[in-house]
Amino acid sequence: MFSYCTDPATLEGFQWLSCYLTTGKHMSMYYAFGTVLLLLAITAPTALAFGFAGASAARSTVAPLRWIGKTYIAIVRGIPDIAFFLFFVIALDQAFEYIRHRIKCPDWTEPVRQGNDFVVCTAAKLPLGNAPQWVHETYGFMLAVLTFAIVFGAFAANVLFGAMRAVPKGQLETAEAYGMSRRQTFWRVLVPQMWVYALPGLSNLWMVLIKATPLLFLLGVEDIVYWARELGGAKQPQFTDYPHPDWRMWYFGALLIFYLCFTKVSEVVLDRIMAKLTHGQATTAGERQRKAAA
Amino acid sequence: MSCWETIADYALRSQGIGERLLPRSDFTLCQQFTLIGSGMIWNIYFGVVALCFGFFLATAVAMGKAAQNPLFRKPAEWFIFIFRGSPLFIQFFFAYFLFLSLKSVSPFFDPLTSAWAGALVVLFLNTAAYSGEIFYGALQSIPKGDIEAADAYGLSGWTRFRRVIWPTMLRLAWPAYTNEAIFLFHATTLVFFSGFPATQQRGDALYYANYFADKTFNPFVPYPILAGYFIILTLIVIGLFGLVNSRLNRHLPQDARRKIKVRPQIIR
């Protein structure tokens, strides 16, 4: 990176460290931080959409739709979420391949499950065997995002379902009295009002989502945990220009501090938003705000 | 091989008792049920022990955070912030490598690099921080009248804490604490995925479920089995904590009792 980095063996102290921390592999680790942020940026809205769909389904008047919504909400309560993460990645992968298998190779007669193997025709493989490396990585990442979105969508559905029920009944009855249809009541009265009630739950969920990002490692994505293990391990002089003993403790310490800062910042921002939203509301917090100002 | 033989061979496999080799091919449902159930021993061990010890530290932390003196308050606040503000997964990794480097300092730290002690320490501190925050919230919402009444009876110091403040705090915090206990049990599944080695393949329930899913390439059998076990465990926890809850509330009229409600709180 720097001009004086050509011969690391001669460097000392701070200069050595500045060269060491800017090697190509370290750069990949910094990109991995970007991966985490990207995951959050994609997952949060997707999970919210899943949650909204789930909560609306749970309120539906059509019985099968309601059952699907309620099951989706209930399923996350009794089971460790990490089991979901491990389950969905394989299950989704196999589901996609199976569907493609059915479409692309209709004349394939052998069963898909042969003993301990899951066999689909080559044209149905995802990604295709001859695809470049970045396609494999992107596919893995997209599977991870989808898994996160499904699991967190269930949590979001739970929050939104509660928020929809918290909207005062009188509001909905008034809408009905004005002659609005169910659909109009839902979109024009219920949905705009539920967000205030949903925000505490959703901000809690955001914190949880931040803390769930290291699980990307379990899904086979080269994320910060992967790099911290990789780079921190003891390095021998014959294999690298920057030999050092086992530093994994320091790498994971750095990750710990990164997450602490991230949650702290989120906390401050979310508190600000909540203060904005409660302003002038007829709730305890709103009342306290009014008294403090007076 | 009949199912009874499988149970005899593998029921205590996670503790290293019984058949040494795990099944390698022709997996039967019975094997999967037995081994995953055997792994549950670890989950229950971690959860129960961490909860029992964590309860006392949590009380201390909550009292510390509620104290006027910054000498007590600041450390308690930092303790809670560090353990609640970072992922448990990273805490496990960090602690494992920390214990590894401590090992070279003194043989006293040797057991900490194995899961039964090292992961337990992390889970203990973690649950203490989460429950400490719950207890602190409950301390803040003890009715003013209760404490004034205690003062009027001439109670003070330790007696007032033991007879009035502590039971009221527990009663108010219990529904949330039940929730915390459930999700602590769920969090125990992370142990063997985060650095701590499963020596001789003695792992927890998720470890074995993952083993079967990897070997058979079929996630649709082992994970639902695991899910079934955890649902049963959750129901048992709710039942036991419900008993304590009704004892804590026994002096109250029926309609003033606080019900236990499970709310998803999820990963830490």
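Every chain is numbered independently, its residues counted from 1 as its sequence is written. For this description, chains carry letters from A and ligands carry numbers from 1, given in the order in which they are written. For a predicted model such as this one, the threshold for reporting local features is a pLDDT of at least 70, and the threshold for listing and counting side-chain atom pairs is 80 or more; totals across whole chains, interfaces and linings nevertheless cover every residue.

Asks: Can you walk me through the overall build of chain A in this structure?
Replies: To qualify as a helix, a DSSP run of H or I must reach at least 4 residues; to qualify as a strand, a run of E must reach at least 2; elements of each kind are numbered from the N terminus. When helices and strands are tallied, chain A shows ten helices and two strands. Relative to a compact globule of 294 residues, whose C-alpha radius of gyration would be 19 Å, chain A shows 25 Å and is clearly more extended. Exposure classification rests on a simple neighbour count of other C-beta atoms within 10 Å of a residue's own: a residue reaching 20 or more is buried, one at 12 or fewer is exposed, and one in between is partly exposed. C-beta atoms are placed from the backbone. Looking at chain A residue by residue over its 294 residues, the buried ones come to 27%. Nonlocal contacts in chain A, meaning residues at least 24 apart in sequence, comprise 62% of its contacts between residues at least 6 apart. For this measure, only C-alpha atoms enter the radius of gyration; the expected value for a globule follows 2.2 Å times N^0.38, where N is the number of residues. Placing C-beta atoms from the backbone, we regard two residues as in contact once those atoms come within 7 Å.

Asks: Even after reading the chapter, I still don't get the overall build of chain B, so can you show me in this structure?
Replies: When its secondary structure is counted, chain B shows nine helices and zero strands. Relative to its 268 residues, chain B shows a buried fraction of 44%.

Asks: Please clarify how the interface of chain B and chain A should be interpreted in this entry.
Replies: Interfaces are often described in size by the accessible area the parts lose on coming together. Listed per partner, the contact involves 36 residues of chain B and 35 residues of chain A. Every element with two or more residues in the side of chain B that touches chain A is listed here: helix H3 (70-85), helix H4 (88-103), helix H8 (205-216) and helix H9 (222-248) of chain B. Here the element with the most residues in the side of chain B that touches chain A is H4(B); it accounts for seven residues. The residue classification treats Ala, Val, Leu, Ile, Met, Phe, Trp, Tyr, Cys and Pro as nonpolar and Asp, Glu, Lys and Arg as charged. All others, Gly included, are polar. When its residues are assigned to classes, the side of chain B that touches chain A shows 24 nonpolar, ten polar and two charged.

Asks: Which parts of the structure should I look at to understand the nonpolar core?
Replies: It is characteristic of soluble globular proteins that their nonpolar side chains tend to be buried jointly. When buried Ala, Val, Leu, Ile, Met, Phe, Trp, Tyr and Cys residues are joined through C-beta atoms within 7 Å, the set is termed a nonpolar core. Ala156(A), Leu160(A) and Phe92(B) are the most contacted members of the largest nonpolar core, which has 128 residues in total. The element contributing the most residues to this core is helix H5 (residues 133-166) of chain A, with 16 residues. Each residue touching Leu160(A), except ones within four places of it in the same chain, is listed here: Gly51(A), Phe52(A), Ala55(A), Met194(A) and Ala198(A).

Asks: How should the confidence of the model for chain B be read in this particular structure?
Replies: Reading predicted coordinates in detail is not appropriate for stretches of low pLDDT. Residue-level confidence of the predictor is what pLDDT reports, using numbers from 0 through 100. For chain B, mean pLDDT is 88; residues scoring 70 or higher make up 95% of the total. Interface confidence in the predicted complex, given as ipTM, is 0.84; pTM for the same model is 0.84.

Asks: Help me out: how do you make sense of unusual backbone geometry in this one?
Replies: Excluding glycine, residues mostly carry a negative phi; peptide bonds, for their part, are mostly trans. Residue and element names in this part refer to chain B. The backbone phi angle of Gln-200 is positive, close to 50 degrees, even though this residue is not glycine. Among the structural elements, Gln-200 can be located in the loop between helix H7 (157-187) and H8. Residue Gln-201 is not a glycine yet carries a positive backbone phi of 55 degrees. Inspection of the secondary structure puts Gln-201 in the loop between H7 and H8.

Asks: Before we go on, may I ask you to explain helix H2 (residues 29-66) of chain B in this structure?
Replies: In an α-helix, one turn spans 3.6 residues; hence positions three or four apart end up facing the same way. Compared with an ideal rise of 1.5 Å per residue, which puts 38 residues at 56 Å, H2(B) spans 52 Å between its outermost C-alpha atoms and is within 8% of the ideal. Fitting one axis to the seven residues ending at a residue and another to the seven starting there, the bend at that residue is the angle between the two axes. The sharpest bend along H2(B) comes to roughly 35 degrees, located at Gly54(B). Between the first and last residue of a helix there are one fewer steps than residues, each counted as 1.5 Å, and that sum is the expected span.

Asks: Looking at this model, I keep getting lost on the environment of Leu172(B). Mind explaining?
Replies: By secondary structure assignment, the location of Leu172(B) is in helix H7. Sequence-distant contacts of Leu172(B), that is, excluding residues within four places in its chain, are made with Ala138(B), Ser141(B) and Ile142(B).

Asks: Please explain the packing of helix H2 (residues 24-58) of chain A against H5(A) as it appears in this structure.
Replies: All names here are of chain A. The N-to-C vectors of H2 and H5 enclose an angle of 50 degrees; their axes lie 6 Å apart at closest approach. One way to sum up the angle between H2 and H5 is to call them oblique. Relative to H5, the crossing made by H2 is right-handed. Class assignment of the residues belonging to the contact of H2 with H5 gives a composition of 20 nonpolar, five polar and no charged. Think of each axis as a best-fit line through the C-alpha atoms, taken over the contacting stretch in the case of a helix, with angles from 0 to 180 degrees between the N-to-C directions. An angle below 35 degrees is treated as roughly parallel, one above 145 as roughly antiparallel, one from 65 to 115 as roughly perpendicular, and anything else as oblique. Should the near helix be turned anticlockwise from the far one by less than a right angle, the crossing is termed left-handed; should it be turned clockwise, right-handed.

Asks: Please clarify how H2(A) should be interpreted in this entry.
Replies: Residue and element names in this part refer to chain A. Taking 1.5 Å per residue as the helical rise, H2 with its 35 residues ought to reach 51 Å, and the 50 Å between its terminal C-alpha atoms agrees with that figure. At Thr-43, H2 shows its strongest bend, of approximately 25 degrees, with the proline Pro-45 following within four residues. Where H2 is concerned, the buried positions are Met-29, Val-36, Leu-39, Thr-43, Ala-47, Leu-48, Phe-50, Gly-51, Gly-54, Ala-55, Ala-57 and Ala-58. Buried residues along H2 sit against helix H3 (63-74), H5, helix H7 (182-212) and helix H8 (224-232).

Asks: Would you mind showing me how to read the packing of H2(B) against H7(B) here?
Replies: The relative placement of two packed helices comes down to the angle between their axes together with the axis-to-axis distance. Residue and element names in this part refer to chain B. For the pair H2 and H7, interaxial distance at closest approach is 8 Å and the crossing angle is 140 degrees. With respect to H7, the element H2 is oriented oblique. Between H2 and H7 lies a crossing of right-handed hand. Two secondary-structure elements touch here, H2 through Asn-43, Gly-47, Ala-50 and Leu-51 and H7 through Ala-181, Leu-184 and Phe-185. For the contact of H2 with H7, the class distribution of residues is five nonpolar, two polar and no charged.

Asks: How should the environment of Gly162(A) be read in this particular structure?
Replies: You can see Gly162(A) is positioned in helix H5. Residues Gly162(A) and Ala198(A), spaced 36 residues apart in sequence, show a C-alpha to C-alpha distance of 7.6 Å.

Asks: Got a minute to help me understand the environment of Tyr130(B) in this structure?
Replies: When you line up the elements, Tyr130(B) lands in helix H5 (residues 115-140). Between the C-alpha atoms of Tyr130(B) and Ala58(B), which are 72 residues apart in sequence, the distance is 7.9 Å.

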